[in-house]
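Letter by letter, the chains look like this.
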Amino acid sequence: MDTYEIKELIELSKIPYEKTAKLFQKILVQELKALQEFDADLMISLMNTNAEKLWKAAKKYFRRTNGKFTPKYIADFLFLDTIDIWCSVLEDSINHFTIEEYTVFLKTIMEKRERFLEQKIELSEQIIELLLKSTDKLDIATTEQKQELLHYFIPLLLSHKKIPDFLFDITESVIFSISYDIVRDTLESIDLQYNKLSEKEYNTISLLKSCKEDTLPKDSLILSILETGSKRLVKTLTEMIDRKQTMLMERQTTLLLLFECNVYHLNTIAQSVFESLEIEKREKMHMILLDSPIERAYQYGLRKLDDFYGNKIPTRFIAHMMEHPCVEVKAYISNKIKYAFSDLKETNPDLYIYYVKTLLYLPNKVSKSKEYVYQEIPLFLKYYPEKQQEIEQILLDIGSTNRKIDSERALVTFAQIQKEVSSL
């Protein structure tokens, strides 16, 4: 048995006869103990066995010989059936790469894309996450090194060559781990023309195109990225929007989209832009927010009503809110009105008349609220007789309209006031 080559012993240790396989494993372990130099091919062969005993022996051999893999060998790790067992070796090796070595590793796995597809390699989430996180190493790369990677990876996306999903994710992660300014400057020398692309590819290339043009992406692209994009793509989109806040001032639909999405940083950007708008633009956007069916958007709109207007909500908002499909919005405005009408003896008469005028001039859709107001007007005038002329003018004005129900109620209330005054 002493004449067998170690690699032959590894193959013999895999035979289906358990007792014989264990015998060869025992011999193999002894042979490994005698080795003083690290052999990467031998180590990979040991790593790809299914025997736990050999895994332990391989780890001891690796430590004893101060084993180190070149980037190309580490790329071959991804084809091992036992890759998850050796996750720590993969991680440690990548962590100790220089930027030059890491660049070789990235290019090597990309050059093996056809082999990945042919062998139908499917990596675990643990390994994919490790590879994606490894792109953080590029933070310490020089501008020239980053530009070199961009010149390699961006054309690869445009080449129409099929690549596995995990390699696409790594490509995207490499590109968008690089700062906006470097990506934008590098893109000046890269042609982003493309033909047919998948949604995933389209989102990535289109975001790069927006970066190259130094402008905000279209709403359809923003929406697609928020719904289907990777974390890295959403992060890059957020950084781009943060840079272009002034452009948002002229894009109400984009601003609404940011208010409604579930990315907190984008919500805060939208709020900052909204609060810095000129009053006229802000009021238009405020209306749009209150009309939104998305809770986080209309709730913010309600809070801002309090901040901007206190208890005296402008008429144009009330008309909108009375017809809102959401119960919370209707309840908000109802509570404001109830506050003004709750205790007539203690109410602010000007605020009361403000809401009377607002409600009574609204269309018939708020008929029940109007009926309540008409019934309360005579009682209000008992406490504030100095407001009678102002109230009467409102009632006569409504009574002269061609809205039958409104006209009748206003004139009946006017007559009631006249009757009560003449009886005094």
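Refer to the structure presented above.
Residues numbered from 1 in each chain as written. Predicted model: local features only at pLDDT ≥ 70, side-chain atom pairs only at ≥ 80, totals over all residues. Heavy atoms only, no water.

### Points about the overall build of the protein chain
Turning to step 1, where the next piece is worked out: Tallying secondary structure elements over the protein chain gives 26 helices and zero strands in all.
Turning to step 2, where the next piece is worked out: Relative to the compact-globule value of 22 Å for 424 residues, the protein chain shows a C-alpha radius of gyration of 36 Å, a clear excess of over 25%.
Turning to step 3, where the next piece is worked out: Within the protein chain, buried positions represent 49% of all 424 residues.
Turning to step 4, where the next piece is worked out: For the protein chain, contacts bridging at least 24 residues in sequence account for 67% of all contacts bridging at least 6.
Turning to step 5, where the next piece is worked out: Accessible area of the protein chain: about 22,800 Å², with a carbon and sulfur share of 50%.
Turning to step 6, where the next piece is worked out: Between the mean site of the 58 positive side-chain charges and the mean site of the 66 negative ones, the protein chain shows a separation of 3 Å. (Helix = DSSP H or I, 4+ residues; strand = E, 2+ residues; numbered from the N terminus. Rg over C-alpha atoms; globule rule 2.2 N^0.38 Å. Buried < 20%, exposed > 50% of the residue type's maximum accessible area, 1.4 Å probe, protein only. Contact = heavy atoms within 4.5 Å. Areas by Shrake-Rupley, 256 points an atom, 1.4 Å probe, with all protein chains shown as cover. Lys, Arg positive; Asp, Glu negative; His and termini not counted. Charge placed at Lys NZ, Arg CZ, Asp CG, Glu CD.)

### Some remarks on the packing of aromatic side chains
Each aromatic ring pair is described using two quantities: the centre-to-centre distance and the angle formed by the ring planes.
Turning to step 1, where the next piece is worked out: Counted under the stated rule, the structure contains 19 aromatic pairs.
Turning to step 2, where the next piece is worked out: Taken together, a centroid distance of 6.5 Å and an interplanar angle of 50 degrees make the contact between phenylalanine 69 and tyrosine 73 tilted.
Turning to step 3, where the next piece is worked out: Taking relative accessible area as the criterion, phenylalanine 69 reaches 3% and is therefore assigned buried.
Turning to step 4, where the next piece is worked out: Measuring from centroid to centroid gives 5.0 Å for tyrosine 152 and phenylalanine 153, while their planes differ by 80 degrees, and the two rings are edge-to-face.
Turning to step 5, where the next piece is worked out: Through a chain of ring-to-ring contacts, three or more aromatic side chains come together here, namely Phe38, Tyr61, Phe62, Phe69, Tyr73 and Phe77. (Phe/Tyr/Trp six-rings, centres within 6.5 Å; stacked < 30°, edge-to-face > 60°.)

### Quick look at empty space enclosed by the protein
Turning to step 1, where the next piece is worked out: Inspection of the entire model under this criterion finds two cavities of 30 Å³ or more.
Turning to step 2, where the next piece is worked out: The volume enclosed by the largest cavity comes to roughly 70 Å³.
Turning to step 3, where the next piece is worked out: Elements represented by at least two residues in the lining of the largest cavity include exactly helix 11 (165–176), helix 12 (180–187), helix 13 (199–213) and helix 15 (231–243).
Turning to step 4, where the next piece is worked out: The residue inventory of the lining of the largest cavity, partitioned by class, reads nine nonpolar, two polar and one charged. (1 Å grid on protein atoms, 1.4 Å probe; cavity = no way out; pocket = protein on both sides within 12 Å on 5 of 7 lines; lining within 4 Å. Points joined across faces, edges and corners; volume = space filled by probe spheres on them. Nonpolar A, V, L, I, M, F, W, Y, C, P; charged D, E, K, R; others polar.)

### So, unusual backbone geometry
It is generally the case that most residues other than glycine have a negative phi and that most peptide bonds are trans.
Turning to step 1, where the next piece is worked out: Within the chain, asparagine 66 stands out as a residue other than glycine whose phi angle is a positive 50 degrees.
Turning to step 2, where the next piece is worked out: Asparagine 66 sits in the exposed class, given a relative accessible area of 65%.
Turning to step 3, where the next piece is worked out: With a phi angle near 55 degrees, aspartate 214 is a residue other than glycine that sits in the positive phi range.
Turning to step 4, where the next piece is worked out: The topology assignment puts aspartate 214 in the loop between helix 13 and helix 14 (219–228).

### A closer look at the packing of helix 6 (residues 87–95) against helix 9 (residues 125–134)
Turning to step 1, where the next piece is worked out: Interhelical geometry of helix 6 versus helix 9 gives an angle of 5 degrees and a closest axis separation of 11 Å. The orientation of helix 6 with respect to helix 9, classified from their angle, is roughly parallel. Two secondary-structure elements touch here, helix 6 through Cys87, Leu90, Glu91 and Ile94 and helix 9 through Gln126, Ile127, Leu130, Leu131 and Ser134.
Turning to step 2, where the next piece is worked out: Here the contact of helix 6 with helix 9 is composed, by residue class, of six nonpolar, two polar and one charged. (Axes fitted to C-alpha atoms, helices over the stretch in contact; angles between N-to-C directions. Parallel < 35°, antiparallel > 145°, perpendicular 65-115°, else oblique.)

### Describing the pattern of salt bridges
Turning to step 1, where the next piece is worked out: Summed over all chains, the structure comprises 21 salt bridges.
Turning to step 2, where the next piece is worked out: Two residues, lysine 68 and glutamate 101, come together in a salt bridge whose shortest N-O distance is 3.9 Å. Residue lysine 68 is found in the loop between helix 4 (52–64) and helix 5 (71–77), and its partner glutamate 101 is found in helix 7 (residues 99–111); the two are separated by 33 residues along the sequence.
Turning to step 3, where the next piece is worked out: Taking the relative accessible area as the measure of exposure, lysine 68 reaches 55% and is therefore exposed.
Turning to step 4, where the next piece is worked out: Across the salt bridge formed by arginine 184 and aspartate 214, the nearest N and O atoms sit 3.9 Å from each other. Of this pair, arginine 184 sits in helix 12 while aspartate 214 sits in the loop between helix 13 and helix 14, placing them 30 residues apart in sequence.
Turning to step 5, where the next piece is worked out: The exposure class of aspartate 214 is partly exposed, given its relative accessible area of 26%. (Salt bridge = Lys/Arg side-chain N within 4 Å of Asp/Glu carboxyl O.)

### Regarding the environment of serine 159
Turning to step 1, where the next piece is worked out: As for its placement among the helices and strands, serine 159 is situated in the loop between helix 10 (143–158) and helix 11.
Turning to step 2, where the next piece is worked out: For the pair serine 159 and tyrosine 194, spaced 35 residues apart in sequence, the C-alpha separation works out to 8.5 Å.
Turning to step 3, where the next piece is worked out: Of note is the side chain of serine 159, whose polar atom sits 2.7 Å from the backbone oxygen of leucine 156. (Polar contact = N/O pair within 3.5 Å; in protein donor to acceptor, adjacent residues only side chain to side chain.)

### Examining the nonpolar core
Turning to step 1, where the next piece is worked out: The biggest cluster of nonpolar side chains holds 103 residues, and the ones touching the most others in it are Phe69, Phe77 and Phe105.
Turning to step 2, where the next piece is worked out: Ignoring anything within four residues of it in the chain, the contact list for phenylalanine 69 reads Phe38, Ala40, Met43, Ile44, Met47, Phe62, Ile74, Phe77, Val89, Ser93 and Phe97.
Turning to step 3, where the next piece is worked out: Core analysis: the next-biggest nonpolar cluster, separate from the first, contains 40 residues, Leu305, Val329, Phe341 and Phe380 among them. (Core = buried A, V, L, I, M, F, W, Y, C linked by side-chain atoms within 4.5 Å.)

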